Amino acid sequence: MTNDEAREYGHAAFNGAPFCLVRDWIWVDLEGPADQDKLFTRLEIEPVVLFAHTVVYDSLRRLDVGDFVRSSPLYKFTDGFFFQTKNTHYVLLGDGLRKQAHPKTLALITG
């Protein structure tokens, strides 16, 4: 999808819910102790976060075009490109990477 097509799709698909279009993204599996996994399970989230180098569009205008973003943990992943947290739907545009990192390491990363 082009950026414009993705923006139109997001408005239609999410029916007013906040969404963010991103490129140059990294799916980060969080490494940690077993009790961390239990906490994530109890909170109904996954030990995964999204880091994107390039924000294309943010429906709530929290982020500017070109900003980087680090999401909260994954709530649901659907259709192969919708990364949903409890607050925002992220539309993953283009190719990305998948990596593992400790949460403390991830906290040190900036755009």
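See the structure shown above.
Residues numbered from 1 in each chain as written. Predicted model: local features only at pLDDT ≥ 70, side-chain atom pairs only at ≥ 80, totals over all residues. Heavy atoms only, no water.

### Let's talk about the pairing of strand S1 (residues 19-30)
Operational definition: Accessibility here uses a 1.4 Å probe with only protein chains present; expressed as a share of the type maximum, an area under 20% marks a residue as buried, one over 50% as exposed, and anything in between as partly exposed. Secondary structure elements follow DSSP: runs of H or I no shorter than four residues count as helices, runs of E no shorter than two count as strands, and numbering proceeds from the N terminus. Two strands are counted as paired when DSSP detects at least two bridges linking them.
With ten of twelve residues buried, S1 lies mostly within the body of the structure. Here four bridges tie S1 to strand S6 (residues 89-92), and the two strands are oriented parallel to one another. Along S6, the bridge assignment pairs phenylalanine 19 with histidine 89. In this sheet, strand S2 (residues 48-58) lies alongside S1 in antiparallel orientation, the contact comprising nine bridges. Counterpart to tryptophan 27 in the pairing with S2 is leucine 50. Sheet analysis places S1 next to strand S7 (residues 96-101), joined by six bridges and oriented parallel. Note that in S7 the partner of leucine 30 across the bridge is alanine 101.

### A word on unusual backbone geometry
Backbone geometry places glutamate 44, a non-glycine residue, at a positive phi of 60°. As for its position among the elements, glutamate 44 is in the loop between helix H2 (34-42) and S2. For glutamate 44, a relative accessible area of 53% translates into the label exposed. A positive phi angle, close to 60°, is found at arginine 61, a residue other than glycine. Summarising the element assignment, arginine 61 is placed in the loop between S2 and strand S3 (69-70). By relative accessible area, arginine 61 is classed as exposed at 68%.

### Digging into the side chain of histidine 89
We apply this condition: Contacts were defined at the residue level, with two residues in contact if any of their heavy atoms lie within 4.5 Å.
Relative to the helices and strands, histidine 89 resides in strand S6. Residue class for histidine 89 comes out buried when judged on its relative accessible area of 16%. Not counting chain neighbours up to four residues away, the residues in contact with histidine 89 comprise Phe14, Ala17, Pro18, Phe19, Cys20, Phe83 and Gln84.

### A word on the nonpolar core
Our working definition: By convention a nonpolar core is built from buried Ala, Val, Leu, Ile, Met, Phe, Trp, Tyr and Cys residues, the set being connected through side-chain atoms within 4.5 Å.
Core analysis: the biggest nonpolar cluster contains 13 residues, and Val22, Trp25, Leu50, Phe83 and Tyr90 have the highest contact counts within it. Contributing elements (two or more residues each) for this core: S1, S2 and S6. Filtering out sequence-adjacent residues up to four positions away, tyrosine 90 remains in contact with Cys20, Val22, Leu50, Val69, Ser71, Phe81, Phe82, Phe83 and Thr85.

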